[in-house]
Amino acid sequence: MTHAVFSPSAAKRWIACPGSFAANLGVESTSSKYADDGTLAHDLAAQYIEGTARHIKANTNAPRTGNTRADTGPPAHDLRQQLRAIKSKITVQQVKDLAPSPEHAAAILTYAEFAKGLIAKADWFGVEAKVRWNDELFGTADLLAVTGDVMDVGDLKTGAGVYVDHVENAQMLTYAFLALSTIPRDIALKVKTVNAHVIQPLFPGAQPIRTWSCDIKVVLEWGQALQRAMAAAKE
């Protein structure tokens, strides 16, 4: 199964109205250039962050593509294939070369510097971390970092047209709950506070990084609500 039946990105919708959500199960979603560009940006960010965080040696023979602006460059899926071929640390210049646009490159680097700051002091971290509750509820968190009794959950948003609210964000709460079931148990048991960070540098006039914090009890209660909604959708 490629996509979760109950995806974290749609949690706000299916937890609010399980019945209507159930009626749309099996309807395939379609992609778009904006979605493809966003996926490429996430791939670039992950590889750049993982390489610098883990001090992976750069591949000096990595392919270069030159200017890849959204209106002139090759399709995002072609660039993603090139990116996967690098397989190691990529440089700032490669981020700029491969990003869908200069604006995307700047957004990726803003997110990456923020992520590296959290990772540098973390006891445990994950980039593009697979998190799951069961075969129907799972997803990929852009960034997880646990430092002491604090868990940070980061979500990169590359859109400029729709403001993503960070306060009580359903997707972020879902990732936090799933993370507690996925990360090492000894790490998870220490968590008392969760910081949810929405990183949306391209939205005009808003803070590029917005944070909302909550007690772990809020996340656990959210998890119970998720399970109730899943059960209701199957009735």
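Residues numbered from 1 in each chain as written. Predicted model: local features only at pLDDT ≥ 70, side-chain atom pairs only at ≥ 80, totals over all residues. Heavy atoms only, no water.

Draft legend 1. Quick look at the pairing of strand β1 (residues 124-132). Note: β1 against strand β2 (residues 138-147), 8 bridges, orientation antiparallel. Bridging from a neighbouring strand, A129 pairs with A141 of β2. Here β1 folds back onto β2 in antiparallel fashion, the turn holding 5 residues. (Pairing = 2+ DSSP bridges. Helix = DSSP H or I, 4+ residues; strand = E, 2+ residues; numbered from the N terminus.)

Draft legend 2. Region of the structure containing the layout of surface pockets. Counted as a void, the second largest pocket has a volume near 210 Å³. Every residue along the wall of the second largest pocket is listed here: P8, S9, A11, K12, V164, D165, V167, E168, N169, A170 and Q171. Listing elements by their share of the lining of the second largest pocket, those giving two or more residues are α1 (11-16) and α7 (170-182). Its residues assigned to classes, the lining of the second largest pocket comprises 5 nonpolar, 3 polar and 3 charged. (1 Å grid on protein atoms, 1.4 Å probe; cavity = no way out; pocket = protein on both sides within 12 Å on 5 of 7 lines; lining within 4 Å. Points joined across faces, edges and corners; volume = space filled by probe spheres on them. Nonpolar A, V, L, I, M, F, W, Y, C, P; charged D, E, K, R; others polar.)

Draft legend 3. Quick look at the side chain of D142. Looking at the element boundaries, D142 is found in strand β2. Reaching out from D142, the side chain makes a polar contact with the backbone nitrogen of L156 at a distance of 2.7 Å. Setting aside its immediate chain neighbours within four residues, D142 contacts H42, Y111, G126, V127, E128, G154, D155 and L156. (Polar contact = N/O pair within 3.5 Å; in protein donor to acceptor, adjacent residues only side chain to side chain. Contact = heavy atoms within 4.5 Å.)

Draft legend 4. Structural context of α7. Between its first and last C-alpha atoms α7 spans 18 Å; for 13 residues at 1.5 Å apiece the expected length is 18 Å, and the two agree. Most of α7 sits inside the fold, with 11 of its 13 residues counted as buried. Here α7 has its buried residues at A170, Q171, M172, L173, T174, Y175, A176, F177, L178, A179 and L180. A distance of 3.0 Å separates the backbone nitrogen of Q171 from a side-chain oxygen at the start of α7, and that oxygen is part of N169. (Expected span 1.5 Å × (residues − 1). Buried < 20%, exposed > 50% of the residue type's maximum accessible area, 1.4 Å probe, protein only.)

Draft legend 5. Quick peek at the pattern of salt bridges. Under the defined criterion, the tally for this structure stands at 3 salt bridges. The salt bridge involving D135 is made with R132; its shortest N-O contact spans 2.5 Å. On the accessibility criterion, R132 (37% relative accessible area) is partly exposed. Here K157 and D155 are joined by a salt bridge, their closest N and O atoms 3.0 Å apart. (Salt bridge = Lys/Arg side-chain N within 4 Å of Asp/Glu carboxyl O.)

Draft legend 6. Inspection of helix α6 (residues 102-120) at higher detail. For α6, built from 19 residues, the straight-helix expectation of 27 Å at 1.5 Å per residue is met to within 8% by its first-to-last C-alpha distance of 27 Å. Along α6, the residues classified as buried are H104, A105, A107, I108, L109, Y111, A112, F114, A115, L118 and I119.

Draft legend 7. Layout of the environment of C17. Locating C17 in the fold gives a position in the loop between α1 and α2 (18-23). Its relative accessible area of 37% is what places C17 among the partly exposed residues. C-alpha of C17 to C-alpha of A232: the two residues are 215 residues apart in sequence and 9.1 Å apart in space.

Draft legend 8. Up close: the sheet that holds strand β5 (residues 209-215). Taken in spatial order, the 5 strands make up an open sheet running β1-β2-β3-β4-β5, and their pairing is mixed. Whereas interior strands pair on both sides, the edge strands pair on one side only; in this sheet they are β1 and β5. Across the sheet, the mean angle separating the axes of adjacent strands is 25° when strand polarity is ignored. Against the sheet, α7 contacts β1, β2, β3 (150-156), β4 (193-199) and β5, and its axis sits at roughly 130° relative to β3. (Axes fitted to C-alpha atoms, helices over the stretch in contact; angles between N-to-C directions.)

Draft legend 9. View of the packing of aromatic side chains. Inspection of every chain in the model, using the stated rule, returns 2 aromatic pairs. Judged by centre distance (5.0 Å) and plane angle (35°), the rings of W133 and F177 are tilted. Here the residue W133 occupies a position in the loop between β1 and β2, and F177 occupies one in helix α7, the gap between them amounting to 44 residues. Given the relative accessible area of 36%, W133 is considered partly exposed. Between Y163 and F203 the ring centres are 5.5 Å apart and the planes differ by 70°, which places this aromatic pair in the edge-to-face class. Within this pair, whereas Y163 is found in the loop between β3 and α7, its partner F203 is found in the loop between β4 and β5, the two being separated by 40 residues in sequence. Taking the relative accessible area as the measure of exposure, F203 reaches 18% and is therefore buried. (Phe/Tyr/Trp six-rings, centres within 6.5 Å; stacked < 30°, edge-to-face > 60°.)

None of this, on its own, says anything about what the molecule does.
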